[in-house]
Amino acid sequence: MKKIVPAISGLVAGFVAASVFFADFTTIGSKTTAGDVKAKSNAEKVYVPFGKKDDYYLFASGGHSGQMFIYGVPSMRKIRTIPVFSPDAATGYGWDKESKAMLGGYTWGDLHHPAFSETKGEYDGKYMFATDVANNRAAVMDLKTFAVKDILKVPNTSGPHCAAFVTENTEHMFLPTRFAVPFGHKYASLDDYSKTYKGVMSVVSFNEGNKKLKLDYQVALPPWSFDLSDAGKKTSSDWAVLTTYNTEEATTNMEINASQKDRDYIVLFNWKELDKMVKDGKYDTVSGVKVIDPAKQKGAIYLIPVAKSPHGVDVTPDGKRFIASGKLAPTMTVFSFEKAFDAVKNKKFQGEQDGIPVLDYKSVMEREVNPENALGPLHTQFDDKGFAYTTMFISSEIVKWNVNTGETVDRVPVQYSPGHSVSTEGDSASPDGKWIIALNKLAKDSYLSVGPSHPESMQLIDISDKMEVIQSAPVDPEPHYAQMIKADKLNPIVVYPKDEKRPDSVWSQEKAHIERKGNEVHVYGIAMRSKFVFDAKAKRRDAVTVKQGDKVVFHITNIDLDQDITHGFAINSYNQNMEIQPGETKTMEFVADKAGSYPLYCTNFCSALHQEMSGYLLVEPK
Ligand code: RUQ
Ligand code: CUA
């Protein structure tokens, strides 16, 4: 018998929408219910038939996997995992020489907030940035290749959670720290916390020429926790805002002690002024880094009181306002940049904290928004019609409201406990108002059970009219934040271009050769369907013989300049593994400390004779 999904009145709309998507739409007899019609039209909205592509790329943070997950929207199909801060066996990231050096010995990361590069406040589709809360790093990915180009280790900071958010033309990204530490991570008793620990904000820039990230300078803020930030746009483009918690400077029992005061702060700063201070030499040099002390250098940094322990702060697409969300207070506070600039100009201060002027709350605040029974506001996204969408962690919903009036327009339950949400081009100066995705911290009963721990969930919500959950997809831990970009803005390359001058590359079987320098053996080899050639002149062209204790360096070029023909290169029992994409040259180096006979093979199924794509590493005993 054909099944119809009944309209289960007790279930929340989102769950019904998610389940009916998988239902059989054929009905018994000739009776078609309104629910069937709805399910069918919802299914059509997200169905991307074979041969067609999704409209948007979703770049979702992989949290403590250290990676980035790429999804297509609206199908919500996962396309790839891009390794960023953790090694990844599937791609050999962290084994080949270059990525190993970039990871700097770290075996995990905690990626929270991805950010596209911007030009004039619009996502330009060129680069993606991200930061690592676990080991204080920033990374840049080239969207031509979806590969990480550089990783910067940031000193004097511990957990740049509050990043990455880029300025209007990608001049900077700011990495304020979540955990305060003494400069240089030096030992200091927690009894001296307020005196010795600092909440450092790092100001980083990206050089498109050499594709490197650079630490420009740091700002020594008080030892508070900085949570989220956003850069201004248009009239506020020289400014940025960040939220703080633990202005109590508690050092233990944080759950209670960091929430004592009714108010914490938004830090408002003018980064152009900070840049100028550095240019004018108004900084101290602390272990080689330029550091601005805001108590000494006035005129760039201000504090604004805000309801206690705020989490997200988001600048509206027109750059006129910023909205802080309460976390503990059920309030979204709307602030006006214009009013803040006025307060700065006319010195409307209500005092000073740690030498930083505190702007008068009432002169900067525009309105406090408290949607009825909405609890735990965390983050706000925007559409093209002037509406804001705030995730409610505790009441498990997204509330749509009018930024101009504060009035609640719509709300939709999500499953369950959303952290961030992400709307289509939602952090740009012109969001396009088609979709929003709730990034839920808990999935509970949403999918087939896989034991006590479940994946997180992402729910796709149509926001073109009345909000409706249309589709749902499981996601690995943990989608802290994501950004969505129109697919046609990206134009990835198909193969790495052939470049005969590329160091260590070899472009024909005949040129494959081995060079020995003392106890270093350099193999200049090729990979092609379906063989490796390491030494064109040898009796066995796919075998390499070295002596125990030799340093072995394989430089392999994939000379198959064909779409999607990636070869792997792995050495059995030697814990060596890398991937070489079409047209790429990769290097693997290790010491052959174990004598014996070790098969090597291609790990990517590349042709009908892929199983034959193998050879030997022979290590002669000492
Ligand atoms: S955070 S759930 Cu890591 Cu962006 Cu707010
Ligand atoms: Cu190359 Cu399989």
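Model, not experiment: these values are computed from the prediction. (Residues numbered from 1 in each chain as written. Chains lettered and ligands numbered in written order. Predicted model: local features only at pLDDT ≥ 70, side-chain atom pairs only at ≥ 80, totals over all residues. Heavy atoms only, no water.)

1. Regarding the overall build of the protein chain
- Helices and strands together make up the secondary structure of the protein chain, namely eight helices and 41 strands.
- For 622 residues, the compact-globule estimate of 2.2 N^0.38 gives 25 Å, and the C-alpha radius of gyration of the protein chain, at 27 Å, lies within 12% of that figure.
- In the protein chain, buried positions account for 57% of the 622 residues.
- The long-range fraction of contacts in the protein chain, counting pairs at least 24 apart against all pairs at least 6 apart in sequence, stands at 59%.
- Distance from the positive charge centre (73 side chains) to the negative charge centre (78 side chains) of the protein chain: 3 Å. (Helix = DSSP H or I, 4+ residues; strand = E, 2+ residues; numbered from the N terminus. Rg over C-alpha atoms; globule rule 2.2 N^0.38 Å. Buried < 20%, exposed > 50% of the residue type's maximum accessible area, 1.4 Å probe, protein only. Contact = heavy atoms within 4.5 Å. Lys, Arg positive; Asp, Glu negative; His and termini not counted. Charge placed at Lys NZ, Arg CZ, Asp CG, Glu CD.)

2. A short note on the sheet that holds strand S41 (residues 614-620)
- The sheet built from five strands is open, its strands ordered S35-S41-S40-S37-S38 with mixed pairing. The sheet terminates laterally at strand S35 (543-547) and strand S38 (576-580), the two strands that pair on one side only. Sheet twist, expressed as the average angle between the axes of neighbouring strands with direction ignored, equals 15 degrees.
- As paired elements, strand S37 (residues 567-571) and strand S40 (residues 596-601) share two bridges and run antiparallel to each other. By the bridge assignment for S40, Ala 570 is matched with Tyr 601. (Pairing = 2+ DSSP bridges. Axes fitted to C-alpha atoms, helices over the stretch in contact; angles between N-to-C directions.)

3. Let's talk about the pattern of salt bridges
- In this structure the tally under the stated criterion is 27 salt bridges.
- Among the salt bridges present, the one from Glu 425 reaches Lys 486, with a minimum N-O distance of 4.0 Å. Of the two residues, Glu 425 sits in the loop between strand S27 (418-423) and strand S28 (435-440) while Lys 486 sits in strand S31 (residues 482-486), which places them 61 residues apart along the sequence.
- Judged by relative accessible area, Glu 425 falls into the buried class, the value being 1%.
- For Lys 486, a relative accessible area of 29% corresponds to the partly exposed category.
- Its salt-bridge partner being Glu 589, residue Lys 551 comes within 4.0 Å of it at the nearest N-O pair. With Lys 551 in strand S36 (residues 551-558) and Glu 589 in strand S39 (residues 585-591), this pair connects stretches of sequence that are 38 residues apart.
- Take Lys 551: its relative accessible area is 29%, and that puts it in the partly exposed class.
- Glu 589 sits in the partly exposed class, given a relative accessible area of 24%. (Salt bridge = Lys/Arg side-chain N within 4 Å of Asp/Glu carboxyl O.)

4. Overview of the site of ligand 1
- Every residue lining ligand 1 is accounted for by His 112, His 113, His 161, Leu 228, His 311, His 379, Gly 419, His 420, Lys 441 and His 480.
- Looking at side-chain class alone, the shell around ligand 1 contains one nonpolar, eight polar and one charged residues. (Near = heavy atom within 4 Å. Nonpolar A, V, L, I, M, F, W, Y, C, P; charged D, E, K, R; others polar.)

5. Here's the deal with the packing of aromatic side chains
- Applying the stated criterion to the full structure yields 25 aromatic pairs.
- Site record: aromatic cluster; members linked through ring pairs are Trp 239, Tyr 302, Phe 322, Phe 335, Phe 337, Phe 341, Phe 349 and Tyr 361.
- The cationic tip of Lys 400 hangs over the ring face of Phe 387; the distance from NZ or CZ to the ring centre is 4.6 Å.
- Here Lys 444 stacks its cationic end above the ring of Tyr 416, 5.1 Å away from the centre of that ring. (Phe/Tyr/Trp six-rings, centres within 6.5 Å; stacked < 30°, edge-to-face > 60°. Lys NZ or Arg CZ within 6 Å of the ring centre and 35° of its normal.)

6. Topic: unusual backbone geometry
- The omega torsion of the bond from Gln 415 to Tyr 416 falls at -10 degrees, within 30 degrees of zero and hence cis.
- With respect to the element layout, Tyr 416 can be found in the loop between strand S26 (408-413) and S27.
- Following Arg 529, the chain continues to Ser 530 via a peptide bond in cis, the omega torsion being 0 degrees.
- Phi is positive for His 185, which is not a glycine, with a value near 55 degrees.
- By secondary structure assignment, the location of His 185 is in the loop between strand S8 (173-176) and helix H4 (193-196).
- What makes His 185 partly exposed here is its relative accessible area of 42%.
- A positive phi is found at Asn 373, a non-glycine position, where the angle reads about 60 degrees.
- Summarising the element assignment, Asn 373 is placed in the loop between strand S22 (365-369) and strand S23 (377-382).
- Asn 373 gets classed as exposed once you look at its relative accessible area, which sits at 63%.

7. Focus on the pairing of strand S30 (residues 468-475)
- Buried residues dominate S30, accounting for six of its eight residues.
- Remark: five residues form the turn of the hairpin made by strand S29 (residues 456-462) and S30, two consecutive strands paired antiparallel.

8. Brief notes about the environment of Ser 86
- Relative to the elements of secondary structure, Ser 86 occurs in the loop between strand S3 (77-83) and helix H3 (97-103).
- As for Ser 86 and Lys 100, which are separated by 14 residues in sequence, their C-alpha atoms are 9.9 Å apart.
- Once residues lying within four places of it in the same chain are set aside, the contact partners of Ser 86 are Ser 65, Gly 66, Gln 67, Tyr 93, Leu 103, Thr 107, Trp 108 and Gly 109.
- A distance of 2.8 Å separates a polar side-chain atom of Ser 86 from the backbone oxygen of Ser 65. (Polar contact = N/O pair within 3.5 Å; in protein donor to acceptor, adjacent residues only side chain to side chain.)

9. A few points about helix H7 (residues 337-345)
- Within the span of H7, buried status applies to Phe 337, Ala 340, Ala 343 and Val 344. Looking down the long axis of H7, one finds its buried residues gathered within 120 degrees of arc, a one-sided arrangement. With respect to the buried face of H7, the exposed residues turned more than 90 degrees away are Glu 338 and Lys 345.
- By the N-cap criterion, in which a side-chain oxygen at the helix start approaches the backbone nitrogen of a residue two or three places on, H7 is capped by Ser 336, the distance to Glu 338 being 3.2 Å. (Arc of directions from axis to C-beta.)

10. Quick word on helix H2 (residues 34-46)
- For H2, built from 13 residues, the straight-helix expectation of 18 Å at 1.5 Å per residue is met to within 8% by its first-to-last C-alpha distance of 19 Å.
- Within H2 the residues assigned to the buried category are Asp 36, Ala 39, Asn 42, Ala 43 and Val 46. Angularly, the buried residues of H2 cover 130 degrees about the axis, an arc narrow enough to put them on a single face. Among the exposed residues of H2, those oriented more than 90 degrees off its buried face are Ala 34 and Glu 44. (Expected span 1.5 Å × (residues − 1).)

11. Focus: the nonpolar core
- Of all hydrophobic cores here, the largest spans 25 residues; its most connected members are Phe 534, Phe 554, Phe 569, Ile 571 and Leu 617.
- Elements supplying a minimum of two residues to this core: strand S33 (520-528), S35, S36, S37, S38, S39, S40 and S41.
- When near neighbours in sequence (up to four residues on either side) are disregarded, Leu 617 contacts Val 544, Val 546, Phe 554, Ile 571, Tyr 574, Phe 590, Gly 596, Ser 597, Tyr 598 and Leu 600.
- Counting 24 residues, the second largest nonpolar core, distinct from the first, contains Phe 226, Leu 274, Val 278 and Leu 303. (Core = buried A, V, L, I, M, F, W, Y, C linked by side-chain atoms within 4.5 Å.)

12. So, the confidence of the model for the protein chain
- Overall, the predicted model of the protein chain reaches an average pLDDT of 94, with 95% of residues at or above 70.
- Confidence drops under a pLDDT of 50 for residues 1-28, and excluding neighbours within four residues, the segment shows 32 contacts in the predicted structure. (pLDDT = per-residue confidence, 0-100.)

13. Points about the sheet that holds strand S15 (residues 289-292)
- Sheet architecture is open: five strands sit in the order S8-S9-S10-S15-S14, paired in mixed fashion. Pairing within the sheet leaves two strands with one partner each, and these edge strands are S8 and strand S14 (284-286). On average, each strand axis in the sheet is tilted by 35 degrees relative to the strand beside it, whichever way the strands run.
- Examined bridge by bridge, S14 and S15 share three bridges and lie antiparallel to one another. Bridge pairing in S15 places Val 286 opposite Val 289.

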